[in-house]
Amino acid sequence: MTAAAGGRRGDSDVEVTLCPGGPMLLRGASHVVGEDGARHEVQRSVVAVCRCGSSARAPWCDGTHKLLA
Amino acid sequence: MKLPRARGPVSTAVFERILQARDVLAGPLRVELASGDPIEDDDLQVTLWALYELHYRSFEDVDEGWEWAPELLAVREQLEAPFERALREEVRPQVAAVVGAPGDLADRLFALTDSFEGPSLAEHIQRHATREQVQEFLLHRSVYQLKEADPHTWVIPRLEPDIKARLVELQFDEYGGGRPARVHQALYARALIEAGLDASYGAYVDDVPAITLALSNATSLFGLHRRLRAAALGHLGAVEATSSIPCRRFAAGIRRTGFSDPVAFFFDEHVEADAVHEQLALRGICAELVKATPGLEADVVFGATACLTLEARFAARLLEAWDNEEHVVPPPRQEAQVPA
């Protein structure tokens, strides 16, 4: 999937961590723009963004990647 | 909360002592444990639960001065030793299969939590459970969920700064990210109330069997001993890594049986939160802890498997009763409610 993340104090403060076989963790982001163009506000200090494309709660990871293996 | 009812000679002796004012000269407390499985021993588990509780919210009828009384710590140690031995014995083969195996520890722990054998309470709740079974599930869970996150918080000061920062980051989310109404314990209390249950702390301790108390006691055992800090973090990892998908099923079952959204919300929240937390706990915390201190690997895996095996026993207990159209703990009778 494609997702754009917006930073709270500028994009340089956003930390992106790619989890092997799992989601992308974002720290310091204020919102994520999903594939549908909708803006999803970040509600917690770290969020997991879906990378497998199968989440029922996109753009957020809901653990579904574990059922795909 | 008041002290629970005693369930045998050990709890009777301990509870009699702590219902009196703290007496520093009272001397040792001699108790004799029954033989048999400590995990299923009601007397042992309720005594342990109450002794641990002195360190959490405690009891309105117990003098706070008892918390560090040496004779109570001695009894606690006498109860903890067989409990810990039984847990280690129960998971020995699974621990041996994971410790020292090739591959990244986080990947091995994900594989363990994905493949651990046990009946699925979540699938039953999602598809088949009655309203009363959903209520019963919620009331058992209340014993731990109303102190959710607290046992793992004891570990924070025992860690090096980098792992500590990761654990605090995770716990901050458990405690609502600074918003009191979003504290997971508070979300659970709300779910209980909306499901027609008693949300006061410890309300169902007198009703639940030893295995339900053991789920809570294992986390306190790991959390309250520095030497078991790695087991506490492994336990945390297993909780988080077995949460997202089951919580989606629990939420679906809760709605299917006609409960309101606030009952399901606790589980909705955990679908998303724990998809984050499982990565933080297994990759950021457990794997990093062991990278820094390789000698802790066995205890990380022990904590994770102990969590999984107790959950499996708990699930089997409930499902066996429900298969026979019985309850382990009958939920309170409800006035007929028409789902909205």
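All of these numbers come straight from a predicted model, not from anything done at the bench.

Student: Quick question: what am I supposed to make of the sheet that holds strand β3 (residues 24-27) of chain A here?
Tutor: Consider a sheet: its strands pair through backbone hydrogen bonds, and that pairing is either parallel or antiparallel. The sheet built from three strands is open, its strands ordered β2-β3-β6 (chain A) with antiparallel pairing. Sheet topology places β2 (15-18) and β6 (46-49) of chain A at the edges, where each strand pairs with a single neighbour. Taking the axes of each pair of neighbouring strands and ignoring which way they run, one obtains an average angle of 25° across the sheet. Judged from the four bridges that link them, β2 of chain A and β3 of chain A form a sheet pairing that is antiparallel. Following the sheet pairing, Val-16 of chain A is matched in β3 of chain A by Leu-26 of chain A. Its contacts with the sheet place helix α13 (residues 261-292) of chain B against β3 and β6 of chain A, and it is angled at close to 105° to β6 of chain A.

Student: Mind showing me how you'd approach the side chain of Glu-136 of chain B here?
Tutor: Residue and element names in this part refer to chain B. With respect to the helices and strands, Glu-136 occurs in helix α6 (residues 131-145). Buried charged residue Glu-136 carries no salt bridge. Nearest counter-charge: Arg-317, at 8.3 Å. In terms of polar contacts, Glu-136 uses its side chain to reach the side chain of His-327, at 2.8 Å. Only 2.9 Å separates the side chain of Glu-136 from the backbone nitrogen of Val-329, close enough to count as a polar contact. Once residues within four sequence positions are removed from consideration, Glu-136 is found in contact with Leu-318, Trp-322, His-327, Val-328, Val-329 and Pro-331.

Student: For this particular structure, what's the right way to read the packing of aromatic side chains?
Tutor: Aromatic ring pairs are described here by two measures, namely the spacing of the ring centres and the angle between the planes. Residues and elements named next belong to chain B. Under the criterion given, the structure shown has eight aromatic pairs over all chains. Ring geometry for Phe-137 and Phe-250: centres 4.5 Å apart, planes at 25°, overall stacked. Of this pair, Phe-137 sits in helix α6 while Phe-250 sits in helix α12 (residues 244-256), and the two are 113 residues apart along the sequence. There is no split in this pair, since Phe-137 and Phe-250 are both buried. When the centroid spacing of 5.0 Å and the interplanar angle of 80° are considered together, the rings of Phe-266 and Phe-267 count as edge-to-face. Per residue, the accessibility class of Phe-266 equals that of Phe-267, and both read buried. Through a chain of ring-to-ring contacts, the aromatic side chains of Phe-137, Tyr-188, Phe-250, Phe-266 and Phe-267 assemble into a single cluster. Above the ring of Tyr-56, the side-chain terminus of Lys-147 is found at 4.5 Å from the ring centroid.

So, how was this worked out
Residues numbered from 1 in each chain as written. Chains lettered and ligands numbered in written order. Predicted model: local features only at pLDDT ≥ 70, side-chain atom pairs only at ≥ 80, totals over all residues. Heavy atoms only, no water. Pairing = 2+ DSSP bridges. Helix = DSSP H or I, 4+ residues; strand = E, 2+ residues; numbered from the N terminus. Axes fitted to C-alpha atoms, helices over the stretch in contact; angles between N-to-C directions. Contact = heavy atoms within 4.5 Å. Buried < 20%, exposed > 50% of the residue type's maximum accessible area, 1.4 Å probe, protein only. Lys, Arg positive; Asp, Glu negative; His and termini not counted. Salt bridge = Lys/Arg side-chain N within 4 Å of Asp/Glu carboxyl O. Polar contact = N/O pair within 3.5 Å; in protein donor to acceptor, adjacent residues only side chain to side chain. Phe/Tyr/Trp six-rings, centres within 6.5 Å; stacked < 30°, edge-to-face > 60°. Lys NZ or Arg CZ within 6 Å of the ring centre and 35° of its normal.

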